[in-house]
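Per-entry structural report
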Number of protein chains: 2
Amino acid sequence: MNKRIYGVILAGGQGTRMGNSEKPKQFLVIAGKPVIIHTLEKFIVFSEFTEIIVLVPRPWIAYTRDIIKQYVPDEKHIAIIEGGKTRNETIMNAIEYIDNQEQLDDETLIITHDSVRPFVTYRIIEENIKYAGECGACDTVIPASDTIVESVDGSYISSIPERRMMYQGQTPQSFRAKRLRELYESLTTEEKDILTDACKIYVLKNEPVHLVEGEVSNIKITYPHDLRVAEAILGGNGQC
Amino acid sequence: MNKRIYGVILAGGQGTRMGNSEKPKQFLVIAGKPVIIHTLEKFIVFSEFTEIIVLVPRPWIAYTRDIIKQYVPDEKHIAIIEGGKTRNETIMNAIEYIDNQEQLDDETLIITHDSVRPFVTYRIIEENIKYAGECGACDTVIPASDTIVESVDGSYISSIPERRMMYQGQTPQSFRAKRLRELYESLTTEEKDILTDACKIYVLKNEPVHLVEGEVSNIKITYPHDLRVAEAILGGNGQC
């Protein structure tokens, strides 16, 4: 039996940082297509994926189905399901969906990715599949481009960690799904509230998370100025 | 006697990350002007500055003089001097220049700023002047937009610090110049090599560094894609 691998596109967020726009940012259009479609297209080309699970807020499920039908009409391996209240709850919904299909075993992998990072590369997805399979968990990062500063009180610097050890987290973050769920379920309610990053669960439980080298261009579309950057990247050279 | 305050524009770098361009990135043109001119224009409007000191690599001194004459011909309070081998050595050159003019006392402030951050705001410069004067040192930062990941070995995550305490450093970084020089001169040669960030000298010597709130748009032009962002910011709405 082949190892099952799922793409998990996290579009649960309502995107409150984008100014007056009413649409969550994953649905804004860049270079003629919604952001989430650009992202999906990166995953669709991989034959390794058993299925690609897209998690969106409930009011956006029908809309998501419509745009996927419009832009990738021939694609049969996409499931659209409801996201959770938090990022980790959304991931748990994806794992539950896999489990309900009786497809979850120790080796089943999930490659979780922000719907608003449309510039992820094929190389990054490939390496996520490789390292999640070999090590059980991996995280996509780039070396920190700025000096990182720590302030405990928000007024004065408390430390400036050594820059060569510091990275900025991107996505995908990839896991053996069953193990991730076990670790998550072992947390207290309080820990669940604090641990907003799935990789941090592994770190706190002393389980290894391998690094995958990301790309500076693998940006998250968060602020209005990111939309202009995205247009520039897509329109400027046609490479993405 | 009034407190003396100097703008210190750091353009010492040769800018090797910009692809094939031969010009250091501070001289690349966006929206019709070299990046460094956009930056200078933000400082020129402040009457508080005794002088604005621009530090560039020796081969670029004459060129810098020429473009400043071309774009800001009426400005008399700009000095162009040679930068050092490192960022801190460049800052020390600026302090030596001030000292040689017999203008250095305990209260003399320097507002040091990357020449490749043309989108600094007037509010940020004002707050740097205020907090450097009150506290002796300050650093411009924004809350970390990504999860920050630490890896000691470069292969596995060693820790994921609590995100709400993590900030990304920008500039200006501002100091009482005499005290900064004293602290720098107290370092060993080895420490000087390691401490690439001037604020870190203060942190290691247990001297306070106040935070100043930066802006997401106060980007550093480092990669080719930043130039496109910069064009979009400048061309898109004329606000900068």
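Data block above holds the structure.
In this report, the structure presented in the accompanying data block is examined. What you see is a predicted model, and the numbers here were worked out from it, not measured in a lab. (Residues numbered from 1 in each chain as written. Chains lettered and ligands numbered in written order. Predicted model: local features only at pLDDT ≥ 70, side-chain atom pairs only at ≥ 80, totals over all residues. Heavy atoms only, no water.)

**Examining the packing of helix H1 (residues 35–44) of chain A against helix H2 (residues 61–71) of chain A**
All names here are of chain A. Short version of the rule: Each axis is a line fitted through C-alpha atoms, taken for helices only over the stretch in contact, and angles between the N-to-C directions span 0 to 180 degrees. Helix and strand labels come from DSSP, where a helix needs a run of H or I of at least four residues and a strand needs a run of E of at least two; each type is numbered from the N terminus. In these notes the angle categories are as follows: under 35 degrees is roughly parallel, over 145 is roughly antiparallel, 65 to 115 is roughly perpendicular, and the rest is oblique. The sense of a crossing depends on the near helix, which, turned anticlockwise from the far helix by less than a right angle, makes the crossing left-handed and, turned clockwise, makes it right-handed. Whether two residues touch is decided by their heavy atoms; if any such pair falls within 4.5 Å, the residues are in contact. Three classes are used: nonpolar for Ala, Val, Leu, Ile, Met, Phe, Trp, Tyr, Cys and Pro, charged for Asp, Glu, Lys and Arg, and polar for all others, with Gly counted as polar.
Packing of H1 against H2 leaves a shortest axis separation of 11 Å and a crossing angle of 60°. Considering the angle they form, H1 stands oblique to H2. In terms of crossing hand, the pair formed by H1 and H2 is right-handed. On H2, the residues that touch Ile36, Ile37 and Leu40 of H1 are Ile67, Ile68 and Tyr71. For the contact of H1 with H2, the residue count by class is 6 nonpolar, no polar and no charged.

**Brief notes about the interface of chain A and chain B**
We apply this condition: Here the buried area means the combined drop in accessible surface, using a 1.4 Å probe, for two parts upon being joined, counting both sides. Each reported salt bridge corresponds to a side-chain nitrogen of Lys or Arg within 4 Å of a carboxyl oxygen of Asp or Glu. Polar contacts here mean pairs of N or O atoms no more than 3.5 Å apart (in protein, one a potential hydrogen donor and the other a potential acceptor; neighbouring residues in sequence count only if both atoms are side-chain atoms).
Contacts between the two partners involve 42 residues from chain A, matched on the other side by 42 residues from chain B. Carbon and sulfur atoms supply 62% of the area that chain A and chain B bury against each other, a total of about 4,000 Å² over both sides. For the pair chain A and chain B, the number of links is 2 salt bridges. The salt bridge partner of Arg117 of chain A is Asp146 of chain B, with a shortest N-O separation of 3.5 Å. Taken together, chain A and chain B are joined by 20 residue pairs in polar contact (both at pLDDT 80 or more). The set of elements that each furnish at least two residues to the side of chain A that touches chain B consists of strand E7 (137–143), strand E8 (148–150), strand E9 (166–176), helix H7 (198–204), strand E10 (210–213) and helix H8 (224–237) of chain A. Top element by residues in the side of chain A that touches chain B is H8 of chain A. It accounts for 6 residues.

**Digging into the environment of Gly154 of chain B**
Of note, Gly154 of chain B is situated in the loop between strand E8 (148–150) and strand E9 (166–176). As for Gly154 of chain B and Glu41 of chain B, which are separated by 113 residues in sequence, their C-alpha atoms are 41 Å apart. Contacts of Gly154 of chain B, omitting those with residues within four sequence positions, involve Tyr167 and Leu211 of chain A.

**Considering the packing of aromatic side chains**
Formally: Two rings from Phe, Tyr or Trp (for Trp, the six-membered ring) form a pair when their centres sit within 6.5 Å of each other. Planes less than 30 degrees apart are called stacked, planes more than 60 degrees apart edge-to-face, and all others tilted. For each residue, the accessible area found with a 1.4 Å probe, counting protein chains only, is set against the maximum for its type, and the residue is called buried under 20%, exposed over 50%, and partly exposed in between. Criterion for a charge above a ring: Lys NZ or Arg CZ within 6 Å of the ring centre, and within 35 degrees of the ring normal.
In the structure shown here, the tally under the stated rule is 14 aromatic pairs over all chains. Ring geometry for Phe46 of chain B and Tyr122 of chain B: centres 6.1 Å apart, planes at 55°, overall tilted. Here the residue Phe46 of chain B occupies a position in the loop between helix H1 (35–44) and strand E4 (49–56), and Tyr122 of chain B occupies one in helix H4 (residues 122–135), the gap between them amounting to 76 residues. What makes Phe46 of chain B buried here is its relative accessible area of 8%. What makes Tyr122 of chain B partly exposed here is its relative accessible area of 40%. An aromatic cluster of at least three residues, connected via ring pairs, comprises Phe43, Phe46, Phe49 and Tyr122 of chain A. The cationic tip of Lys130 of chain A hangs over the ring face of Tyr131 of chain A; the distance from NZ or CZ to the ring centre is 5.0 Å.

**Here's the deal with helix H3 (residues 87–100) of chain B**
Think of an α-helix as 3.6 residues a turn; residues three or four steps apart then line up on the same face. Residue and element names in this part refer to chain B. For clarity, the threshold we go by: For a helix, the expected span equals 1.5 Å multiplied by the number of residues minus one.
The end-to-end C-alpha separation of H3 is 20 Å, in line with the 20 Å expected for 14 residues at 1.5 Å each. Those residues of H3 lying buried are Asn88, Thr90, Ile91, Met92, Ala94, Ile95, Tyr97 and Ile98. Looking at the buried residues of H3, the elements they touch are strand E1 (5–10), E4, strand E5 (78–82), strand E6 (109–114), helix H5 (177–185) and helix H7 (198–204).

**What about the relation of the copies chain A and chain B?**
Basically, it comes down to this: The superposition of copies rests on a least-squares fit of C-alpha positions from residues with pLDDT of 70 or more in both.
In the superposition of chain A on chain B (RMSD 0.0 Å, axial shift 0.0 Å), the rotation amounts to 180°. Both chain copies can therefore be described as sitting about a two-fold axis. Identified as the residue of chain A closest to the rotation axis by C-alpha distance is Val229 of chain A, at 2.7 Å. Mapped onto chain B, 100% of the interface residues of chain A are again interface residues, and the two copies thus contact each other with one and the same surface.

**As for the environment of Ala198 of chain A**
Residues and elements named next belong to chain A. Residue placement: Ala198 occurs in helix H7. Taking the C-alpha atoms as reference points, Ala198 and Leu180, 18 residues apart in sequence, are found 8.0 Å from one another. The residues touching Ala198, leaving out its near neighbours within four places in the chain, are Asn88, Ile91, Gln173, Phe175 and Leu180.

**Observations regarding unusual backbone geometry**
Following Thr171 of chain A, the chain continues to Pro172 of chain A via a peptide bond in cis, the omega torsion being 10°. Position of Pro172 of chain A relative to the elements: it lies in strand E9. Not every positive phi belongs to a glycine, and Glu102 of chain A is a case in point at roughly 55°. Relative to the elements of secondary structure, Glu102 of chain A occurs in the loop between helix H3 (87–100) and strand E6 (109–114). One non-glycine residue with positive phi stands out, namely Ala31 of chain B, at about 45°. Tracing the sequence through the fold places Ala31 of chain B in the loop between strand E2 (29–30) and strand E3 (33–34). Ala31 of chain B gets classed as partly exposed once you look at its relative accessible area, which sits at 39%.

**Here's the deal with the side chain of Asn88 of chain A**
Residue and element names in this part refer to chain A. By the element assignment, Asn88 lies in helix H3. You can call Asn88 buried: its relative accessible area is 4%. Of note is the side chain of Asn88, whose polar atom sits 2.6 Å from the backbone oxygen of Leu195.

**Brief notes about the side chain of His210 of chain B**
Tracing the backbone through its elements, the reader meets His210 of chain B in strand E10 (residues 210–213). At a separation of 3.4 Å, a polar atom in the side chain of His210 of chain B contacts the main-chain carbonyl oxygen of Ser155 of chain A. Ignoring anything within four residues of it in the chain, the contact list for His210 of chain B reads Ser155 and Tyr156 of chain A together with Tyr131, Cys135, Ala137, Cys138 and Asp139 of chain B.

**Some points on the environment of Glu182 of chain B**
In this structure, Glu182 of chain B sits in helix H5. On a C-alpha basis, the gap between Glu182 of chain B and Val35 of chain B in space is 32 Å, while along the polypeptide they are 147 residues apart.

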